[in-house]
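# Working through the structure, step by step
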Amino acid sequence: MSKFYLTTAIAYTNAKPHLGHALEFVFADIIARYYRAKGTDTYFLTGTDEHGSKIYKTAKEAGRDTQEFVDDVVQHFYKLAKDLNLTNDDFVRTSSDLHKRGAQKIWNKLVEADDIYLNSYSGLYCSGCEAFLSEKDLVDGKCTNHMVAPELLTEENYFFRLSKYSDKIKDLIKSGELKVYPDVRKNEMLAFLNEGLQDVSFSRPKNILPWGINVPNDDSQVMYVWCDALTNYLTALGYADGDTKVAKYWPCDLHIIGKDILRFHAGVWIGMLLSAGLPLPKAIGVHGFVTSEGKKMSKSLGNVVDPLDLLATSPVDAVRFYLAREIPTGDDGDFSKERFNIVYSSDLANNFGNLASRVVSMVHKYFNGVVPTITEFKFEPEFADCFKTYCSEIENFDIKKGIESVLHFMTLLNQYVEETKPWALAKEAKTAELALVMGNLVEGVKRVTYLMAPYVPNATLELAKILQIDLGLNFEAGFKSVVAEKTLGEITPLFPRLEI
RNA sequence: CGCGGGGUAGAGCAGUGGCAGCUCGUCAGGCUCAUAACCUGAAGGUCAUAGGUUCGAAUCCUAUCCCCGCAACCA
């Protein structure tokens, strides 16, 4: 059986989840559910990134122990995953022992490859911020938070010889051996690689940053947070202990990330794997950011959408569907209350929900709920097209286009109802004709239910009960499963109107 | 001349040489199985601007204007 291993980026636990986390979670979950429904042995990993100076600082400012602080924050991410109905197989935390040992094992591999060396790093250090600042953080040469000029500080760091792999990485992306979706991100990365990658500082002195994973054989240094974080994709599979999951699922088939961290994944991470002599991931899917009511979310504008609040007041399927359907998968998108309601009403309630509702009702009305037998599905060719598009779009990391093909197919079924007018056939007692129409409609709704399932798992589960179909079946088996002669359950609206 | 992406109907987008499309919204009509849902039709675009190549350009070339992302060691 083929396998598919996919990951989200691990969320940074310096603050509660925002809508962008929900977006990434939903994208990943839809893809995971899709591959499972294709009959692929799928492993879906998500988790949290818990080291780094920012977390250390945030915890310190809150007067908290760092571990306790992240233990608290991670609860919000657990809750988000649960509330979004995620089917992740594991949730990795970088403060876990398994991860730490795995990260150290990889570090040693890099050392063995002679890609780690000691050097000095100089930067502009603000003692108020307890962090190095870059030029763009400064106004008039001063730190904007503390209004003092940072001092030039030099510290001893281990460096990773990333420059060595620059050309190799460029070739991999250029040739498509490592896919980067969408093209605009691929081009951006290639352009960046044209400049050539620099070696990167891979550790921090412990006296400045005590919160991190110890560098093996040097008690005075901890790993730079990215060095540790990136390895989670491997360590979570049990890399430290030579777990069989590594053999089974590595290399990763798809890393889903935000556009802000493309370089770390398509650059640093690939370099690390090359250095360690490990197989490389197949693809990186890059999504954009979500704005709110047309503007970047900010506290001062008061337009911040808290995904946990949203899920507390709206059905999870509505949230999942909005993110998947309305936000272009590889691009930025907007969240607005107005669009949220429109998308829910027109696509879910009016198109899908109402289609199911009218079809099931008519089977009850005209055939006492017993689905008539048909010998051949009238829309087999149209459905084949729809399914083909659905698959290829999702596999090429376009979740929005994937579902659009299904929505079009639903429209086709709605049109068929209008053309055949079952109510008129019933009145004229054209039973054979009516049976044919209804049989085809139920078959159509059944197919659609399978395709909608990764996007709106709750509603489709409910509909599956009414249709008496098994959503646990993979697509092929599900499409072939027989609904004829079954007695349908009673239907209530799958997507009741939202309270505005 | 830093690199890259983009400017197409009220909104969001598709469309890389051959009569300008999709979804939502708007307006009109039809239907009554259905969640005031569904179906049909209409209005609405000088495809950023100017020039060029071509039998033919939203699509290729040149210039200009505007918007956005990136310019890495905070994640």
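None of these values were measured; they are calculated from a predicted model.

## So, the overall build of chain A
- Looking only at helices and strands, one finds 19 helices and 18 strands in chain A.
- Taking the principal axes of its C-alpha atoms as reference, chain A extends roughly 90 × 50 × 40 Å.
- For chain A, buried positions account for 55% of its 500 residues.
- For chain A, contacts bridging at least 24 residues in sequence account for 77% of all contacts bridging at least 6.

## Structural notes on the sheet that holds strand β12 (residues 203-205)
- Reading across from one edge, β12-β14-β13 is the order of the three strands in this open sheet, with antiparallel pairing throughout. Only two strands of the sheet have a single neighbouring strand rather than two, namely β12 and β13 (214-215).
- One ladder, built from three bridges, connects β12 with strand β14 (residues 218-223); its direction is antiparallel. When the bridges of β14 are listed, Ser203 appears paired with Met223.
- Where helix α4 (residues 97-112) meets the sheet, it contacts β12, β13 and β14, and its direction lies at approximately 100° from that of β14.

## Side note on helix α2 (residues 53-61)
- Every buried residue of α2 is listed here: Ile55, Tyr56 and Ala59. Across the axial projection of α2, the buried residues extend over an arc of 100°, all falling on one side. Structural note: α2 exposes Lys54 and Glu61 on the side pointing more than 90 degrees away from its buried face.
- Gly63 occupies a position one or two residues after α2 and carries a positive phi of about 70°.

## Description of the pairing of strand β15 (residues 254-258)
- Counted residue by residue, β15 has five buried out of five residues, so it is predominantly covered.
- Every second residue of β15 is oriented toward a common face, with Leu254, Ile256 and Gly258 on one face and His255 and Ile257 on the other, all of them buried.
- Bridging between β15 and strand β16 (residues 283-287) involves four bridges; their strand directions are parallel. Bridge pairing in β16 places His255 opposite Ile284.
- You can see the chain leave β15, run along helix α10 (residues 262-276) and come back into β16, and the turn it takes is right-handed.

## As for the confidence of the model for chain A
- Taken as a whole, chain A shows an average pLDDT of 89; of its residues, 94% reach a score of 70 or greater.
- This complex was scored by the predictor with a pTM of 0.93 and an ipTM of 0.87.

## Observations concerning the protein's contact with RNA strand B
- Taken together, 43 residues form the shell around RNA strand B, and within it Gln198, Arg204, Val225, Arg263 and Arg358 come nearest.
- With respect to RNA strand B, the backbone of Leu494 contributes an N or O atom lying 3.2 Å from a base oxygen.
- Contributing elements (two or more residues each) for the surface near RNA strand B: α6 (183-194), β11 (200-201), α7 (225-230), α10, α13 (337-367) and α15 (399-420).
- The element best represented in the surface near RNA strand B is α13, accounting for 13 residues.
- Residues of the surface near RNA strand B, tallied by class, amount to 17 nonpolar, 14 polar and 12 charged.

## A word on the pattern of salt bridges
- In total, this model carries 27 salt bridges according to the counting rule given.
- Of the charged contacts, one joins Asp29 and Arg33 as a salt bridge, the two residues approaching to 2.7 Å between their closest N and O atoms. Residue Asp29 and its partner Arg33 are both found in helix α1 (residues 19-37); the two are separated by four residues, about one turn of the helix. For the pair formed by Asp29 and Arg33, the shared burial category is buried.
- A salt bridge links Lys79 to Asp83; the shortest N-O distance between them is 2.8 Å. Pair noted here: Lys79 and Asp83 are both in helix α3 (residues 66-83), with a separation of four residues, about one helical turn.
- Taken together, the salt bridges that share partners define one network made up of Asp114, Asp115, Arg161 and Lys164.

## Re unusual backbone geometry
- Between Tyr181 and Pro182 the backbone carries a cis peptide bond, its omega angle lying at -10°.
- Looking at the secondary structure, you find Pro182 in the loop between β10 (179-181) and α6.
- Each neighbour pair has its own omega, and for Trp250 with Pro251 the value is 5°, a cis peptide bond.
- Secondary-structure assignment places Pro251 in the loop between α9 (244-249) and β15.
- Of note, Asn217 is a non-glycine position whose phi angle comes to about 65°, a positive value.
- Take Asn217: it is sitting in the loop between β13 and β14.
- Even without being a glycine, Lys421 presents a positive backbone phi close to 45°.
- The class for Lys421 is partly exposed, based on a relative accessible area of 40%.

Rules behind the numbers
Residues numbered from 1 in each chain as written. Chains lettered and ligands numbered in written order. Predicted model: local features only at pLDDT ≥ 70, side-chain atom pairs only at ≥ 80, totals over all residues. Heavy atoms only, no water. Helix = DSSP H or I, 4+ residues; strand = E, 2+ residues; numbered from the N terminus. Buried < 20%, exposed > 50% of the residue type's maximum accessible area, 1.4 Å probe, protein only. Contact = heavy atoms within 4.5 Å. Pairing = 2+ DSSP bridges. Axes fitted to C-alpha atoms, helices over the stretch in contact; angles between N-to-C directions. Arc of directions from axis to C-beta. Right-handed = clockwise from strand over helix to strand, strands pointing away. pLDDT = per-residue confidence, 0-100. Near = heavy atom within 4 Å. Polar contact = N/O pair within 3.5 Å; in protein donor to acceptor, adjacent residues only side chain to side chain. Nonpolar A, V, L, I, M, F, W, Y, C, P; charged D, E, K, R; others polar. Salt bridge = Lys/Arg side-chain N within 4 Å of Asp/Glu carboxyl O.

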